[in-house]
Amino acid sequence: MKKGKKLYEGKAKIIYATSDKNLVIQYFKDDATAFNNQKKSLIEGKGVLNNRISEHILANLKQIGIKNHLVKRLNMREQIIKHVEIIPIEFVLRNVATGSITKRLDIEDGTVLKEPLIEYCLKDDKLGDPLVSEEHILVFEWATKKEIEKIKKMVFRINDFMVGMFRGVGIKLIDFKLEFGRIKLNGKNEVILADEISPDTCRLWDSVTDKKMDKDRFRKDLGDLIPAYTEVARRLGILHEQSNVSAVNVTKLSSVKKKSK
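Residues numbered from 1 in each chain as written. Predicted model: local features only at pLDDT ≥ 70, side-chain atom pairs only at ≥ 80, totals over all residues. Heavy atoms only, no water.

*Asks:* Can you tell me about the pairing of strand E2 (residues 13–18), naming the residues and giving the values?
*Replies:* Among the 6 residues of E2, 6 are classified as buried, and the element is accordingly described as predominantly covered. Count of turn residues in the strand E1 (residues 3–9)/E2 antiparallel hairpin: 3 residues. Alignment of E2 against strand E3 (residues 23–28), held across 5 bridges, turns out to be antiparallel. Bridging from a neighbouring strand, alanine 17 pairs with valine 24 of E3. Adjacent in sequence and paired antiparallel, E2 and E3 are bridged by 4 residues. (Buried < 20%, exposed > 50% of the residue type's maximum accessible area, 1.4 Å probe, protein only. Helix = DSSP H or I, 4+ residues; strand = E, 2+ residues; numbered from the N terminus. Pairing = 2+ DSSP bridges.)

And the structure:
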């Protein structure tokens, strides 16, 4: 499938057109950002790992009936995905209080919530992705009530599945961010899961040590995040023990080859 013009570039991914108007190519960048793009860095190999991890999780979610935009992974950095109209809301599911909620509500970091909590944030970098209510979403017509109800059911189902999946490999799923989009199916709009699910969009702590295995390593200067992301991939069975650094090595080799041409 031929890659066309760039349609969109975000902080972590680039979307390209293809010869099929219903499909696009999603490219995973190595850029790392935090605090609304105020902290930036280029971390070689991050995009490769996120591509593999997100593919693995989305493929497994599809197996339990969660429709999503993934068609297939093309290579180390790219996926073919369905072209969707993104709903401008980030759906944040929290199992444990950490990050912004502890500051907003003066809650002790690490507090296990009595039940999973969904928060809504408007996707707008200029505004700092502000927290909004369900009433805001309906009044400003960012999504319909029917869409919100369907999304909430999917979010809780995704959480149930991922909590179990990560618990099985010794990882606590603390919280995560999801995005959804609209797609035309049989002439009707349908809402499906979009974007990515990776250590960039989830908080993951080791079940025994509470070691951070996600982008908080970059946010809080806890050390290189590549070994942590690689460990997540290894535990999920994506990378074998003997090749758990191969993702980074491949990107280094590819950059050398490009320079030598």
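After that view of the structure, there is still more to cover.
*Asks:* Just give me the short version of the packing of helix H1 (residues 46–63) against helix H4 (residues 145–167), but keep the residues and values in it.
*Replies:* It is the contact of H1 with H4, at a shortest axis distance of 11 Å, that shows an interaxial angle of 120 degrees. Taken together, the axes of H1 and H4 are oblique relative to one another. Crossing hand, H1 versus H4: right-handed. Touching Ile57, Asn60 and Leu61 of H1 are Ile158, Phe161, Met162, Met165 and Phe166, all from H4. Looking at the contact of H1 with H4, its residues break down into 7 nonpolar, 1 polar and no charged. (Axes fitted to C-alpha atoms, helices over the stretch in contact; angles between N-to-C directions. Parallel < 35°, antiparallel > 145°, perpendicular 65-115°, else oblique. Left-handed = near helix turned anticlockwise from the far one by under 90°. Contact = heavy atoms within 4.5 Å. Nonpolar A, V, L, I, M, F, W, Y, C, P; charged D, E, K, R; others polar.)

*Asks:* Hey, could you go over the packing of H1 against helix H6 (residues 226–235) for me, with residue numbers and the actual values?
*Replies:* Running from N to C, H1 and H6 cross one another at 20 degrees; their axes reach a closest spacing of 10 Å. With respect to each other, H1 and H6 are oriented roughly parallel. In terms of crossing hand, the pair formed by H1 and H6 is left-handed. On H6, the residues that touch Lys46, Leu49, Asn50 and Ile53 of H1 are Ile226, Tyr229, Thr230, Val232 and Ala233. Its residues assigned to classes, the contact of H1 with H6 comprises 6 nonpolar, 2 polar and 1 charged.

*Asks:* Could you give an account of the side chain of asparagine 50, with specific residues and numbers?
*Replies:* Within the secondary structure, asparagine 50 is located in helix H1. For asparagine 50, the side chain forms a polar contact with the side chain of serine 198, separated by 3.4 Å. Residues within four places of asparagine 50 in sequence aside, it is in contact with Phe28, Glu196, Ser198, Pro199, Asp200 and Tyr229. (Polar contact = N/O pair within 3.5 Å; in protein donor to acceptor, adjacent residues only side chain to side chain.)

*Asks:* Explain the packing of aromatic side chains to me, using residue names and the numbers behind them.
*Replies:* The geometry of two aromatic rings is summed up by the distance between their centres and the angle between their planes. This structure, assessed with the given rule, holds 3 aromatic pairs. Judged by centre distance (5.7 Å) and plane angle (85 degrees), the ring pair of phenylalanine 91 and tyrosine 120 falls under edge-to-face. A residue pair is termed long-range when its members are at least 10 positions apart, and phenylalanine 91 in strand E9 (residues 89–97) and tyrosine 120 in strand E10 (residues 111–122) qualify at 29 residues. Judged by relative accessible area, which is 1%, phenylalanine 91 ranks as buried. A residue is classified by how much of its surface remains accessible, and tyrosine 120, at 8% relative accessible area, is buried. For the ring pair phenylalanine 91 and phenylalanine 180, a centre distance of 5.5 Å and an interplane angle of 85 degrees mean the geometry is edge-to-face. A residue pair is termed long-range when its members are at least 10 positions apart, and phenylalanine 91 in strand E9 and phenylalanine 180 in strand E12 (residues 171–185) qualify at 89 residues. Taken individually, phenylalanine 91 and phenylalanine 180 each receive the classification buried, so the pair is uniform in this respect. It is lysine 3 that lies over the ring of tyrosine 16; its NZ or CZ is 4.5 Å from the centre. Of note, lysine 39 hangs over the ring of phenylalanine 218, and the distance from its end group to the ring centre comes to 4.8 Å. (Phe/Tyr/Trp six-rings, centres within 6.5 Å; stacked < 30°, edge-to-face > 60°. Lys NZ or Arg CZ within 6 Å of the ring centre and 35° of its normal.)

*Asks:* Please set out H1 residue by residue, giving values where relevant.
*Replies:* Between the first and last C-alpha of H1 there are 26 Å, a value that for 18 residues agrees with the 26 Å anticipated at 1.5 Å per step. Among all positions of H1, only Lys46, Gly47, Val48, Leu49, Asn50, Asn51, Arg52, Ile53, Ser54, Ile57, Leu58 and Leu61 are buried. Just downstream of H1, glycine 65 is the residue with a positive phi angle, here 95 degrees. (Expected span 1.5 Å × (residues − 1).)

*Asks:* Quick one: what's the story with the nonpolar core, residue by residue and with numbers?
*Replies:* Within the largest apolar cluster, 51 residues are counted, with the highest numbers of intra-cluster contacts made by Leu61, Ile158, Met162, Phe166, Phe180, Leu193 and Ile197. For this core, the element with the highest residue contribution is H4, accounting for 10 residues. Beyond its immediate stretch of four places on either side in the chain, isoleucine 158 contacts Leu61, Ile66, Phe176, Leu178, Phe180 and Leu193. (Core = buried A, V, L, I, M, F, W, Y, C linked by side-chain atoms within 4.5 Å.)

*Asks:* Could you give me a rundown of the state of the cysteines, with the residues and numbers involved?
*Replies:* With the rule as written, the count across this model stands at 0 disulfides. Lacking any disulfide linkage, cysteine 121 is separated from the closest cysteine sulfur, that of cysteine 202, by 15 Å. The class for cysteine 202 is buried, based on a relative accessible area of 4%. (Disulfide = S-S within 2.5 Å.)

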